Amino acid sequence: MNNSLDCTSASTFRLASYSDERVEQTVASNLACLKRILEYNLEHGLMFFRIGSDIVPFGSHAVNTFPWQTRFAPEFKAIGDYIKEHKMRVSMHPDQFVVLNSPNPDIVQRSVAELVYQGSMLDLMGLDSTAKLQIHLGGLYGDRDTAIARFIATWHTLPPEVQIRVVVENDDRLFSLRDCLELNAATGIPILFDNFHHECLNNGEPMAEALRLAAATWQPERDGIMMMDYSSQSHGERRGKHVASIEEDLFRDFLKELGDLDVDIMLEIKDKEASAHQACGIMRELTLLPPAPAGYEPPVFTPKQILEGDTAPKTRKPRAKKDKSATAQAEQLNPEAHN
DNA sequence: GGGTGTCAAGCATCG
DNA sequence: CGATGCTTGACACCC
C-alpha cells in the first residue's frame, strides 16, 4: 500500500454486490493505482514492492466468472514491462487463509486456487521466477512432523509455474527457521527470512547466522537474491505486534548483523513508505544504497504524523460514484461480459 | 458525510 | 466455546 497517494490498489466490494461490471471497474481502478504506486516508488528509489492480494476481487472465488485475465492482459503486461525496465522487484503475500497443510481437502483446494490466482498475475506481468509468492507453512494440528509432511505432499501437486514462485516464511509462533530449513532440505523451497519472527521464535541461532542460513536456500539463478521481511516489536503491545514506525537505532543494529549479505528488504511497518524513506536514508548514509534518484526530494512528515501513521494527504479523493457512462463504454467494448 | 458493524476464506490462543 | 488477533482495510448501511 501507499499512504502518500490518494488511491488504493485494494478496492473491493461485498460478495453480495458481485457483478461482472463491478469486477471490471474495480480491477481497472486497482491496476491504475498499482501503476501509480510503482511510479511513486521509482521516483523515490523504493525498488522492492509487495503487491496486495486484492487486485482482483474474488480472484480465486467460483463466483468470479469475469475473464479478467484476458480483459486486463495489456494492463498487466504494461505493469510488468515497467517493473522490468526499471529493474524493480515485486512479491505477493497470500493471506492467512492459504493453508497448504490443512487436513481439510476443501481448504487445500481453495488455497491452491488462491496461489494460482496470485501467481497468474505475476505471469501476466511477464515476470520470471524471482517474483515470489510468500506464504507460511500453515497449521500445527498437534503434530509438527505430520504437518510439515502434509505441506510437502501438497506442494508436489502444485502447477510448476506456481511451485517455482512459492517461498516460505518463518513465523512467530508455530514454525521457526529450523522447521523451514527442514522443509527446504526436502523440497528446495527458499526461506523468506523474517527477522522479527525469528526474534519471537527461534532455536538459538544468532541473527547473523540465521540470515546466512536462510540466504543459502535461495538459488541465485532461479530465485534471485534473498527476500526478507523486516520489523520490530511495538512497545507496550502484544508480543509479535509490528511497530507503527521504524526505529532507526534498531534498524542500524540490524544492518550490522546483515554485514555484506545482499538482500531485498520488505518493511512490515504500519506507516509504509514513510519508514521506507527513513530506512533508505540510513542506507544511503552508509553507502549501502546508490544515491537518491535525480530530482528526489525527501518527503517531509511531522513526527506526530509518523507516530500516528497519518502521512496521507489531508483530502482523499472522494469515492468514485456510479458512472453510467463508464459502464456503458465497457459494455460497448466487451458486450460478452454481461451475459 | 461521518460513524460503525461487517466482510470469502484458517488457525491458535485467550478468557 | 465464542471472541480475538493476525493483517494491508474497505464496504455498505445507518443516521
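Criteria and thresholds
Residues numbered from 1 in each chain as written. Chains lettered and ligands numbered in written order. Predicted model: local features only at pLDDT ≥ 70, side-chain atom pairs only at ≥ 80, totals over all residues. Heavy atoms only, no water. Helix = DSSP H or I, 4+ residues; strand = E, 2+ residues; numbered from the N terminus. Buried < 20%, exposed > 50% of the residue type's maximum accessible area, 1.4 Å probe, protein only. Contact = heavy atoms within 4.5 Å. Areas by Shrake-Rupley, 256 points an atom, 1.4 Å probe, with all protein chains shown as cover. Disulfide = S-S within 2.5 Å. Near = heavy atom within 4 Å. Polar contact = N/O pair within 3.5 Å; in protein donor to acceptor, adjacent residues only side chain to side chain. Nonpolar A, V, L, I, M, F, W, Y, C, P; charged D, E, K, R; others polar. pLDDT = per-residue confidence, 0-100. Salt bridge = Lys/Arg side-chain N within 4 Å of Asp/Glu carboxyl O. Pairing = 2+ DSSP bridges. Right-handed = clockwise from strand over helix to strand, strands pointing away. Arc of directions from axis to C-beta. Expected span 1.5 Å × (residues − 1). Axes fitted to C-alpha atoms, helices over the stretch in contact; angles between N-to-C directions.

When helices and strands are counted, chain A shows 14 helices and seven strands. Within chain A, the proportion of its 339 residues that are buried is 49%. In chain A, the share of contacts with a sequence separation of at least 24, taken over all contacts with a separation of at least 6, comes to 75%. Looking at chain A as shown, the accessible area adds up to about 17,000 Å², and 55% of this sits on carbon and sulfur atoms.

The next point concerns the state of the cysteines. Covalent bonding between the sulfur atoms of two cysteines is what defines a disulfide. For the coordinates displayed, the defined rule picks out one disulfide. No disulfide involves Cys-200; its sulfur sits 14 Å from the nearest other cysteine sulfur, which is in Cys-180. With no disulfide partner, Cys-280 has as its closest neighbouring cysteine sulfur the one in Cys-33, 20 Å distant. Cys-280 sits in the buried class, given a relative accessible area of 11%.

The next point concerns the protein's contact with DNA strand B. Taken together, 17 residues surround DNA strand B, and among them Arg-14, Leu-15, Ser-102, Leu-140 and Tyr-141 come closest. Sugar plus phosphate: this is where 51% of the atoms of DNA strand B within 4 Å of the protein reside. A distance of 3.0 Å is found between a phosphate oxygen of DNA strand B and a side-chain nitrogen or oxygen belonging to Ser-102. In the model, a phosphate oxygen of DNA strand B is placed 3.5 Å from a nitrogen or oxygen of the Arg-110 side chain. Residues of the surface near DNA strand B, tallied by class, amount to eight nonpolar, five polar and four charged.

Attention now moves to the confidence of the model for chain A. Chain-level statistics for chain A give a pLDDT mean of 86 and a share of 88% at 70 or above. Under a pLDDT of 50 for its full length, residues 302-339 has, in the predicted model, 30 contacts with residues more than four places off or in other chains.

Around DNA strand C, the structure places 17 residues, and the nearest of them are Arg-14, Ser-17, Arg-22, Arg-238 and Lys-270. Sugar and phosphate atoms constitute 77% of the interface atoms of DNA strand C, taking the interface as everything within 4 Å of the protein. A distance of 3.1 Å is found between a phosphate oxygen of DNA strand C and a side-chain nitrogen or oxygen belonging to Ser-11. The separation between a phosphate oxygen of DNA strand C and a polar main-chain atom of Thr-12 is 3.3 Å. The residue inventory of the surface near DNA strand C, partitioned by class, reads three nonpolar, six polar and eight charged.

Let's shift gears to the pattern of salt bridges. A side chain with one charge can pair with a side chain of the opposite charge if their charged atoms come near. Tallied over the entire structure, the rule returns 15 salt bridges. For the salt bridge of Asp-223 with Lys-132, the shortest nitrogen-to-oxygen distance reads 2.8 Å. With Asp-223 in helix H10 (residues 220-223) and Lys-132 in strand E3 (residues 132-136), this pair connects stretches of sequence that are 91 residues apart. The burial state of Asp-223 is the same as that of Lys-132; both residues are buried. The network of salt bridges with common partners includes Glu-24, Arg-71 and Glu-75.

Now for the side chain of Ser-4. Among the structural elements, Ser-4 can be located in the segment before helix H1 (20-43). Of note is the side chain of Ser-4, whose polar atom sits 3.4 Å from the side chain of Tyr-40. Among the polar contacts made by the side chain of Ser-4, one reaches the side chain of Glu-273 at a distance of 2.5 Å.

Take the pairing of strand E5 (residues 191-194) next. Side-chain alternation along E5 places Ile-191 and Phe-193 on one buried face and Leu-192 and Asp-194 on a second face that is also buried. Examined bridge by bridge, strand E4 (residues 166-169) and E5 share two bridges and lie parallel to one another. Counted as the bridge partner of Val-168 is Ile-191 from E5. Between E4 and its parallel partner E5, the chain crosses via helix H7 (residues 177-187), and the hand of that crossover is right-handed. By the bridge criterion, two bridges tie E5 to strand E6 (residues 226-230) in an arrangement that is parallel. Along E6, the bridge assignment pairs Phe-193 with Met-228.

An α-helical segment advances 3.6 residues per turn. Residues three or four places apart therefore align on the same side. Regarding helix H9 (residues 207-215), the residues found buried are Met-207, Ala-210, Leu-211, Ala-214 and Ala-215. All buried residues of H9 lie within an arc of 130° about the axis, which places them on one face of the element. Where H9 is buried, its residues touch H7, E5, helix H8 (195-200), E6 and helix H11 (248-258).

Further remarks concern H1. Its 24 residues give H1 an end-to-end C-alpha distance of 35 Å, which sits within 8% of 34 Å, the value for a rise of 1.5 Å per residue. Of the residues trailing H1, Gly-45 is marked for its positive phi of about 75°.

The strands making up a sheet are joined through hydrogen bonds of the backbone, oriented either antiparallel or parallel. With respect to topology, seven strands assemble into an open sheet ordered E1-E2-E3-E4-E5-E6-E7, the strand pairing being parallel. In this open sheet, the two edge strands, each paired with only one partner strand, are strand E1 (48-51) and strand E7 (263-267). With strand direction ignored, the average angle separating the axes of adjacent strands in the sheet is 30°.

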